[in-house]
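Coordinate analysis (summary)
Residues per chain are reported as follows:
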Amino acid sequence: MAQLYFYYSAMNAGKSTTLLQSSFNYQERGMNPLIFTAAIDDRYGVGKVSSRIGLQAEAQLYSPKDDIYAAVCDINANNKVDCLLIDECQFLTEKQVYQITEVVDKLRIPVLCYGLRTDFRGELFEGAKYLLAWADKLVELKTICHCGRKANMVIRTDAEGNAIADGDQVVIGGNDRYVSVCRVHYKEALGK
């Protein structure tokens, strides 16, 4: 029975690594996983999912205007899709999260989504909001704060390493822009 999974965490918990391992597991069994990633995130190249430990795979791109259900239907018509894996799923729109529920419910293809739950302000991303509401399974991937506690928040930093409290929700970056911390150190860094 196909289900919708949402694997979420703060940054640097290994979401992309876990996605790539899932893809490998399907391939190893002679199955065909289909990977999508957000077009907005081109840090490691366009149309690629990359992990910090060096693993990488080609991926289809999606942007807010794309119909993911239609794209999967088209691909599945020519090459059976056994699983849909979506990286950076926090960038999905409400409509796209609904579309991937249709992939699960109508096409009977399992969908595994990997992404952030909250932004640097501690607010839900749109994709995460609807995945938290509609997913069949929620799985938290854990990483740790510098103090050893579970990191469940993300701080955005400026060029000097100072915490930033305001700005656009989306600014693409990695360890140069973001730090995963526990709630205590998040509040402390932002003076809350």
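Residues numbered from 1 in each chain as written. Predicted model: local features only at pLDDT ≥ 70, side-chain atom pairs only at ≥ 80, totals over all residues. Heavy atoms only, no water.

According to UniProt, the positions carrying the feature "binding site: Zn(2+)" (unreviewed entry) are Cys145, Cys147, Cys182 and His185. In three dimensions, the annotated residues from a span of 41 residues occupy one location, with a maximal C-alpha spread of 8.6 Å. In this structure, Cys145 sits in the loop between strand E9 (143–144) and strand E10 (150–151). The class for Cys145 is buried, based on a relative accessible area of 3%. Dropping the residues within four chain positions of it, Cys145 is found in contact with Lys150, Ala151, Ser180, Val181, Cys182 and His185. Inspection of the secondary structure puts Cys182 in the loop between strand E13 (178–181) and helix H5 (183–190). (UniProt positions renumbered as here; feature names shortened; annotations may be inferred. Helix = DSSP H or I, 4+ residues; strand = E, 2+ residues; numbered from the N terminus. Buried < 20%, exposed > 50% of the residue type's maximum accessible area, 1.4 Å probe, protein only. Contact = heavy atoms within 4.5 Å.)

Another point: the packing of helix H3 (residues 94–107) against helix H4 (residues 126–134). Their axes nearest at 8 Å, the elements H3 and H4 cross at an angle of 40 degrees. Every pair of crossing elements has a handedness; the one defined by H3 and H4 is right-handed. In this structure, H3 uses Glu94, Val97, Tyr98, Ile100 and Thr101 to contact H4, whose residues at the interface are Glu126, Gly127, Tyr130, Leu131 and Trp134. A class-by-class count of the residues in the contact of H3 with H4 yields 6 nonpolar, 2 polar and 2 charged. (Axes fitted to C-alpha atoms, helices over the stretch in contact; angles between N-to-C directions. Left-handed = near helix turned anticlockwise from the far one by under 90°. Nonpolar A, V, L, I, M, F, W, Y, C, P; charged D, E, K, R; others polar.)

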